[in-house]
Amino acid sequence: MNDSSKIHKLLIANRGEIALRIMRSAKEMGIQTVAVYSEIDRKAMHVRFADEAYCIGPAPSSESYLRMDKIIDVAKQSGADAIHPGYGFLSENEDFADLVKKEGLKFVGPSGDSMRIMGSKLAAKEAVAKFNVPLVPGTSTPINDVAEAKSIAKKIGYPILIKASAGGGGKGMRVVENESEFQSQMERAISEATASFGDGAVFIEKYIAKPRHIEFQVFGDMHGNVVHLFDRECSIQRRHQKVVEEAPSPVLTTELRKKMGEAAVNAAKAANYYNAGTIEFILDEDMSFYFLEMNTRLQVEHPVTELITGLDLVKLQIKIAEGEKLPFTQEQLTIHGHAIELRVCAEDPSNNFLPDIGTLQTYRRPQGHGIRVDDGFEEGMKIPVQYDPLLAKLIVYAETRELAMDKMIRAIDDYELSGVETTLGFGKFVMKHPAFRSGNFNTRFIENYFKPEYLLGEEDVESEKLAAALAVSLSSSTTKIAEVHTTVETASKWKKNRM
Ligand code: MV4
């Protein structure tokens, strides 16, 4: 490899915790860092942490962090030779990836063409199907004719799900319970998809009612090598926003992990993928798994993978963008221990997780062995309403899942944060909940178990009382009560053991 392929100066086209995360790795590699910022972020941490920083416009992201032209201008003006997009903003914009390259810069991410394939759910399904990746039973072409679609739905069996090809992250999905609703739901789905995405293509899938969300981190290089870096369990979500993620998933056996990992690698190969990506699967109650979509970026929850694999994913991304080969084979990769991440968001869980605005009056991070905090705010700073409400990611690592959950509870207790409502208290609720502790939960965890009242005065509520209240609230389902009762016993034993 010649030296000209090395990155010397990296522009980070992002803000907040991820901008800092990327700059740290770049600095350790001897790479100069360039920040861009909006007027409202003038005093933000990522601006001060970078070697150089340039203002690119007013607060609204459409006038700053989404302005490809301004970001390219700054790259040229500063002499940067590469751009890292982080997550969100321009990270999955295929035109930006192409433009960066056209301007003679390196893009720390996949090719625009890979993004194009995976950005269309239908194109993605078609591509991965050829590589033997399991798909939810359904159609792999757009449905147009109502009568034909109804006959397909009948064969699949109700309930079915209508999805928009241009959708993703849960946008544009409609459940159809029976044939009588089919036509009206299909018409609505098409008009919604047209209005939201400018693409009315929709398709049908069998509806998996209680799935777990399990994703695989994949990495490819520009020489055709692809590996997976194992799985993350991301079932604790609210409005398609993840709140708690962990690695590895508590339900996968070594055998299933291997099978899903192979499918993930094949899915990435189907898109000629390089750099970091995530293959999202749903796992049904019978342990069947299906490919849902691919995220063509570094994800928020990447730290849990870093902790169980011992790898720095950002450094790896940079080396891949420099043209290096993957420094390991699949056989050389192993996992150790257990990691859990809590997204500390400026949201009020007792008010429907609505964003909360304000100033961070007190802000002190928890400390100690196995605790990592990735954040982008500090005491006294105003939380801007224009951007993502993520304040910090609290990540813990321990030898076992049980120890990691206990460490998370301690870390939440030690976190001193005031001025805004956050998801910290909710995180403690999850860590203490019998269903979470047992590992037996799915994407309906919040709707099944969480009531806003549980957080009011949660300091005084004994876990036993909480569990009893839950058992009552679940009285419509006898099996669930049984589950709660057995695990409550485990929970109180655990508490005694600690004392
Ligand atoms: C599904 C599904 C059930 N059946 N597809 C939601 C986001 C997008 N990635 C796909 N999603 C789903 N697709 C079929 N055929 C249920 C979901 C889903 C979901 C998936 C993962 C994590 C959380 C979720 C919450 C609600 C619905």
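Notes on the structure follow. Bear in mind that the values here come from a model prediction, so they are computed numbers and not experimental data.

Considering the site of the ligand
Line of reasoning, step 1. Around the ligand, a shell composed of 18 residues is seen, among which Lys163, Glu205, Lys206, Ile208 and Glu280 lie nearest.
Line of reasoning, step 2. Glu280 places a side-chain nitrogen or oxygen 2.8 Å from a nitrogen atom of the ligand.
Line of reasoning, step 3. Interatomic distance of 3.0 Å between a side-chain N/O atom of Glu293 and a nitrogen atom of the ligand.
Line of reasoning, step 4. When the ligand is considered free in solution it has 520 Å² of accessible area, and contact with the protein chains removes 89% of it.
Line of reasoning, step 5. The set of elements that each furnish at least two residues to the shell around the ligand consists of β6 (160–168), β8 (202–206), β12 (275–283) and β13 (289–295).
Line of reasoning, step 6. The class makeup of the residues in the shell around the ligand is 7 nonpolar, 6 polar and 5 charged.

Remarks on the sheet that holds strand β10 (residues 226–238)
Line of reasoning, step 1. One open sheet holds the 8 strands; their spatial order is β13-β12-β9-β10-β11-β14-β21-β19, and the pairing between them is antiparallel. Looking at the sheet topology across the chains shown, the edges are occupied by β13 and β19 (371–375). The mean angle between the axes of side-by-side strands here comes to 25 degrees, regardless of whether they run parallel or antiparallel.
Line of reasoning, step 2. Inspection of the sheet shows β12 paired to β13 by 6 bridges, in the antiparallel sense. Of the residues in β13, the one forming a bridge with Leu283 is Phe289.
Line of reasoning, step 3. The strands that helix α1 (residues 16–28) touches are β19 and β21 (390–398); relative to β19, the one it contacts most, it runs at about 115 degrees.
Line of reasoning, step 4. Relative to the sheet, helix α11 (residues 313–321) contacts β9 (212–220), β10 and β12, its axis offset from that of β9 by approximately 40 degrees.

Rules used throughout
Residues numbered from 1 in each chain as written. Predicted model: local features only at pLDDT ≥ 70, side-chain atom pairs only at ≥ 80, totals over all residues. Heavy atoms only, no water. Near = heavy atom within 4 Å. Polar contact = N/O pair within 3.5 Å; in protein donor to acceptor, adjacent residues only side chain to side chain. Areas by Shrake-Rupley, 256 points an atom, 1.4 Å probe, with all protein chains shown as cover. Helix = DSSP H or I, 4+ residues; strand = E, 2+ residues; numbered from the N terminus. Nonpolar A, V, L, I, M, F, W, Y, C, P; charged D, E, K, R; others polar. Pairing = 2+ DSSP bridges. Axes fitted to C-alpha atoms, helices over the stretch in contact; angles between N-to-C directions. Contact = heavy atoms within 4.5 Å.

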